Number of protein chains: 2
Amino acid sequence: MVVKVYGPHCASTKRVLVCLLEKEVEFEVVPVDLTKGEHKDPEFLKLQPFGVVPVIQDGDYTLYESRAIMRFYADKYRSQGIELLGRTAEERGVVEQWLEVEAHNFHPPAYDLAVHVLFAPLFGITPDPKLIEESEAKLLKVLDVYEERLSKSKYLGGDFFSLADISHLPFLDYIVNKMNKGYLIKERKHVSGWWDDISSRPSWKKIIQLYPPPV
Amino acid sequence: MVVKVYGPHCASTKRVLVCLLEKEVEFEVVPVDLTKGEHKDPEFLKLQPFGVVPVIQDGDYTLYESRAIMRFYADKYRSQGIELLGRTAEERGVVEQWLEVEAHNFHPPAYDLAVHVLFAPLFGITPDPKLIEESEAKLLKVLDVYEERLSKSKYLGGDFFSLADISHLPFLDYIVNKMNKGYLIKERKHVSGWWDDISSRPSWKKIIQLYPPPV
């Protein structure tokens, strides 16, 4: 059974795609054009009632929310590909903590920056300079905590690459390679080393090449 | 080893406390007075560098982020108390999906409502009527999706009570019992029945009685 993944060009979907590659799970992609509002089509809303990507279909099993889908495949295929959750409850707890930090501390300012710096023209939004400034200030503080963490730990979740690292890839890529804000990373020695490490993984390089962002 | 839980009177911490009761894990609480800024004290920031509650200490293991802590105890004590994650990878995937929906769709407007309707005086914030109106409008749409889901499933994650349900308790309690906005729930038959069910669990009733909110 090949997993169908909706919306491969979108940032959140890339979390799922990298996870599937790392877990050696076969997939095919179904494009969803957000600029045409295809994520609000009645047929799409039957799969994802909030009208956002990604969604996966695995036989008759449908699941949405990128971090939930990653956890599902990392759990279902524990003994296949690399271990992405942690080997003990304690390791898994720390991975979960940093997945939550990504979702609640890193993602909101990174997302606001991406929307206002990168995607405003595409979606007819007027960029808000105050929000851009505030988002960057928030992100700086978050990355200071990451610098401290990564001075003591090779990866966010511990000494192993995990879902917590994967979850950061798409928006860090926007920051470094699309928004010309690589200095946010480069100014922090351990964050910079970590980014170089995780962004040079074959899984990420393949996904970013196959499904480039729409800007 | 008794688990130390910091900040029991805060909403997010109650997710953790209910989970610990349901998993029959002993705990003691450590008050953190947010109105005095104790969550920004240097000693507290050593435990939680972002300066928010909850944090737990379990021997020399420290963990933060309420949803991560819940997952940790539900995972570590699989065979103790009730099963809160799901019995199969597919069940766990659906629980994770609704935990993520809580975090990304339900929580932001519920949190903004709580801050501006309930906690503004306590924290010296000027309530923003436009934000209150917009948050309620967002919440209505989210609860419409919940109504559809709960018309087909007894609980959010499936036919069993799970972390996905626990995660909603503290802010639903604010909405119904503190903000006089119970109509948001009552107007939706299945959401209303679900709320009556989950909020009458002995674990929740005990936690809300022991650690009432600061307003």
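Once a new chain begins, its residue numbering starts again from 1 and follows that chain's sequence as written. Note on labels: chains are lettered from A, ligands numbered from 1, in written order. Reporting of local features is limited, given that this is a predicted model, to residues whose pLDDT is at least 70; pairs of side-chain atoms are given and counted only at 80 or more, and all residues count toward the totals for whole chains, interfaces and linings. Note that the side-chain values use all heavy atoms of the structure and ignore hydrogens as well as water.

*Asks:* Before we go on, may I ask you to explain the interface of chain B and chain A in this structure?
*Replies:* Buried accessible area, meaning the area lost when the parts come together, often serves as the stated size of an interface. The interface of chain B with chain A comprises 29 residues on the first partner and 29 residues on the second. Here the quantity called buried area is the total loss of accessible area, with a 1.4 Å probe, experienced by two parts when brought into contact, counted for both. When chain B packs against chain A, close to 2,600 Å² is buried across both sides, 62% of that on carbon and sulfur atoms. Definition used for salt bridges: Asp or Glu carboxyl oxygen within 4 Å of a side-chain nitrogen of Lys or Arg. Taken together, chain B and chain A are joined by ten salt bridges. The salt bridge partner of A:Asp75 is B:Arg92, with a shortest N-O separation of 2.6 Å. Polar contacts here mean pairs of N or O atoms no more than 3.5 Å apart (in protein, one a potential hydrogen donor and the other a potential acceptor; neighbouring residues in sequence count only if both atoms are side-chain atoms). Our enumeration of links across chain B and chain A arrives at 14 residue pairs in polar contact (both at pLDDT 80 or more). By definition, residues are in contact when any of their heavy atoms lie within 4.5 Å.

*Asks:* Looking at this model, I keep getting lost on the layout of surface pockets. Mind explaining?
*Replies:* Empty space among the atoms can be located by rolling a probe the size of a water molecule over them. Each pocket or cavity is described by its volume, and for the second largest pocket that value is around 450 Å³. Those elements that place two or more of their residues in the lining of the second largest pocket are helix H2 (42-47) and strand E4 (61-64) of chain A together with helix H4 (89-123) and helix H5 (129-150) of chain B. The element best represented in the lining of the second largest pocket is H4(B), accounting for four residues. A class-by-class count of the residues in the lining of the second largest pocket yields eight nonpolar, four polar and seven charged. Definitions used throughout: a 1 Å grid over protein atoms alone; a cavity as a set of points that fits a 1.4 Å probe which cannot get out; a pocket as an open set with protein on both sides within 12 Å along at least five of seven lines; a lining residue as one with an atom within 4 Å of a point. Grid points are joined across faces, edges and corners, and a volume is the space filled by probe spheres set on the points. Numbered from the N terminus, helices here are DSSP runs of H or I no shorter than four residues, and strands are runs of E no shorter than two. Following the grouping adopted for this structure description, the nonpolar residues are Ala, Val, Leu, Ile, Met, Phe, Trp, Tyr, Cys and Pro, the charged ones are Asp, Glu, Lys and Arg, and the polar ones are all others, Gly among them.

*Asks:* For this particular structure, what's the right way to read the sheet that holds strand E4 (residues 61-64) of chain B?
*Replies:* Within a sheet, neighbouring strands are paired by backbone hydrogen bonds and run either parallel or antiparallel to one another. Residues and elements named next belong to chain B. The four strands lie next to each other as E2-E1-E3-E4, forming an open sheet whose pairing is mixed. Only two strands of the sheet have a single partner each, and these edge strands are strand E2 (27-30) and E4. Along the sheet, successive strands turn relative to each other by an average axial angle of 20 degrees, direction set aside. Following DSSP output, two strands are said to pair if at least two bridges run between them. Examined bridge by bridge, strand E1 (residues 3-6) and strand E3 (residues 55-58) share three bridges and lie antiparallel to one another. Of the residues in E3, the one forming a bridge with Val5 is Ile56. Axes, fitted as lines to C-alpha atoms, cover a helix only where it is in contact. Angles between the N-to-C directions of the axes lie from 0 to 180 degrees. Against the sheet, helix H3 (residues 66-76) touches E1, E3 and E4, its axis set at about 130 degrees to E4.

*Asks:* Where do I start with helix H5 (residues 129-150) of chain A in this structure?
*Replies:* Residues spaced three or four apart along an α-helix point in a common direction, a consequence of the helix completing one turn every 3.6 residues. Residue and element names in this part refer to chain A. Multiplying one less than the number of residues by 1.5 Å gives the expected span of a helix. With 22 residues, H5 extends 31 Å from end C-alpha to end C-alpha; this agrees with the ideal 32 Å at 1.5 Å per step. Partly exposed residues are those whose accessible area sits between 20% and 50% of the maximum for their type, while under 20% is buried and over 50% is exposed, using a 1.4 Å probe and protein chains only. For H5, the complete set of buried residues consists of Ile132, Ser135, Glu136, Leu139, Val142, Leu143, Val145, Tyr146, Glu147 and Leu150. The inward-facing, buried residues of H5 contact helix H4 (89-123), helix H7 (169-178), helix H8 (183-186) and helix H9 (189-199).

*Asks:* Looking at this structure, how should I read the pattern of salt bridges?
*Replies:* When their charged atoms lie close together, side chains carrying opposite charge are able to pair. In this structure the tally under the stated criterion is 40 salt bridges over all chains. Residues A:Arg67 and B:Glu100 are paired through a salt bridge, measuring 4.0 Å at the closest nitrogen-oxygen approach. Of this pair, A:Arg67 sits in helix H3 (residues 66-76) while B:Glu100 sits in helix H4, placing the two residues on different chains. The salt bridge partner of A:Glu90 is B:Lys76, with a shortest N-O separation of 2.6 Å.

*Asks:* What am I meant to see in the relation of the copies chain B and chain A here?
*Replies:* Note: a rotation about an axis with an accompanying shift along it relates these two copies of the chain. To superpose the copies, least squares is applied to the C-alpha atoms of every residue with a pLDDT of at least 70 in both. Between chain B and chain A, the superposition needs a rotation of 180 degrees and an axial shift of 0.0 Å, giving an RMSD of 0.0 Å. What the rotation and shift describe, once combined, is the action of a two-fold rotation axis. In this assembly, 100% of the residues forming the interface of chain B have copies in chain A that are likewise at the interface, indicating an isologous arrangement.

*Asks:* So what exactly am I meant to see when it comes to the packing of aromatic side chains here?
*Replies:* Aromatic rings considered in pairs are described by the distance between their centres and by the relative angle of their planes. Residues and elements named next belong to chain A. Note on ring pairs: Phe, Tyr and Trp rings are taken, using the six-membered ring of Trp, and paired if centres are within 6.5 Å. Classes follow the plane angle, with under 30 degrees stacked, over 60 edge-to-face and the rest tilted. The full count for this structure, using the stated rule, is 28 aromatic pairs over all chains. Relative to Tyr77, the ring of Tyr73 has its centre 6.1 Å away and its plane inclined at 5 degrees; by these criteria the two rings are stacked. Note on Tyr73: relative accessible area 0%, which makes it buried. Judged by centre distance (5.4 Å) and plane angle (65 degrees), the ring pair of Phe119 and Tyr174 falls under edge-to-face. Highlighted residues: Phe119 in helix H4 and Tyr174 in helix H7, separated in sequence by 55 residues. Each member of the pair, Phe119 as well as Tyr174, is classed as buried.

*Asks:* What is the right way to read the UniProt feature "domain: GST C-terminal" (unreviewed entry) in chain A from this model?
*Replies:* In this structure's numbering, the residues bearing the UniProt feature "domain: GST C-terminal" (unreviewed entry) are residues 88-215 of chain A. End C-alpha atoms of residues 88-215 of chain A are separated by 40 Å, and the span's content is 74% helix alongside 0% strand. UniProt positions are given in the numbering used here, feature names are shortened, and annotations may be inferred rather than shown by experiment.

*Asks:* It is not clear to me how the nonpolar core should be interpreted in this structure. Could you clarify?
*Replies:* Looking at soluble globular proteins, one finds that nonpolar side chains tend to be buried together. Definition used in this section: a nonpolar core is a set of buried Ala, Val, Leu, Ile, Met, Phe, Trp, Tyr and Cys residues joined via side-chain atoms within 4.5 Å. Counting 142 residues, the largest nonpolar core has A:Tyr146 and B:Tyr146 as its most contacted members. Leave out the neighbours within four places in its chain, and B:Tyr146 touches A:Phe50, B:Trp98, B:Val101, B:Glu102, B:Phe106, B:Leu156, B:His168, B:Val191 and B:Trp194.

*Asks:* Looking at this model, I keep getting lost on the domain arrangement of chain A. Mind explaining?
*Replies:* Residues and elements named next belong to chain A. Reported domain spans reflect what an automatic or database domain assignment gives. Per the domain assignment, the segments of chain A are domain 1 (3-81) and domain 2 (89-201). For domain 1 versus domain 2, the distance between C-alpha centres works out to 21 Å. Tallying the contact residues gives 13 residues for domain 1 and 18 residues for domain 2. Interface area, domain 1 with domain 2, both sides summed: about 1,300 Å², of which 63% is carbon and sulfur. Broken down residue by residue, the surface that domain 1 buries against domain 2 is led by Arg15, Arg67 and Arg71, which jointly contribute 39%. On the surface where domain 1 and domain 2 come into contact, there are five salt bridges. Put simply, Glu96 and Arg71 hold a salt bridge, and the shortest N to O gap is 2.8 Å. If you look at where domain 1 meets domain 2, you find five residue pairs in polar contact (both at pLDDT 80 or more).

*Asks:* Any chance you could explain a nonpolar patch on the surface here in plain terms?
*Replies:* Residues and elements named next belong to chain A. Patch definition: residues above 30% relative accessible area lacking any salt bridge, with like charges linked at up to 9 Å and the nonpolar side chains Val, Leu, Ile, Met, Phe, Trp and Tyr linked at up to 5 Å. Here the Shrake-Rupley method, with its probe set to 1.4 Å, supplies the accessible areas, and only the displayed protein chains count as covering residues. A cluster of nonpolar side chains, namely Leu122, Phe123, Ile125 and Val215, defines an oily patch on the protein surface of about 280 Å² accessible area. Along the polypeptide, Leu122 turns up in helix H4. Looking at Leu122, the relative accessible area reads 35%, which means it is partly exposed.

*Asks:* Explain unusual backbone geometry to me, please; I cannot follow it from the model alone.
*Replies:* Excluding glycine, most residues fall at negative phi; most peptide bonds, likewise, are trans. Residues and elements named next belong to chain A. For the bond running from Val53 to Pro54, omega is 0 degrees, close enough to zero to count as cis. By secondary structure assignment, the location of Pro54 is in the loop between H2 and strand E3 (55-58). Here the phi dihedral of Glu24 falls at roughly 55 degrees; this positive angle occurs in a residue that is not glycine. Topologically, Glu24 is positioned in the loop between helix H1 (11-22) and strand E2 (27-30). Note on Glu24: relative accessible area 57%, which makes it exposed.

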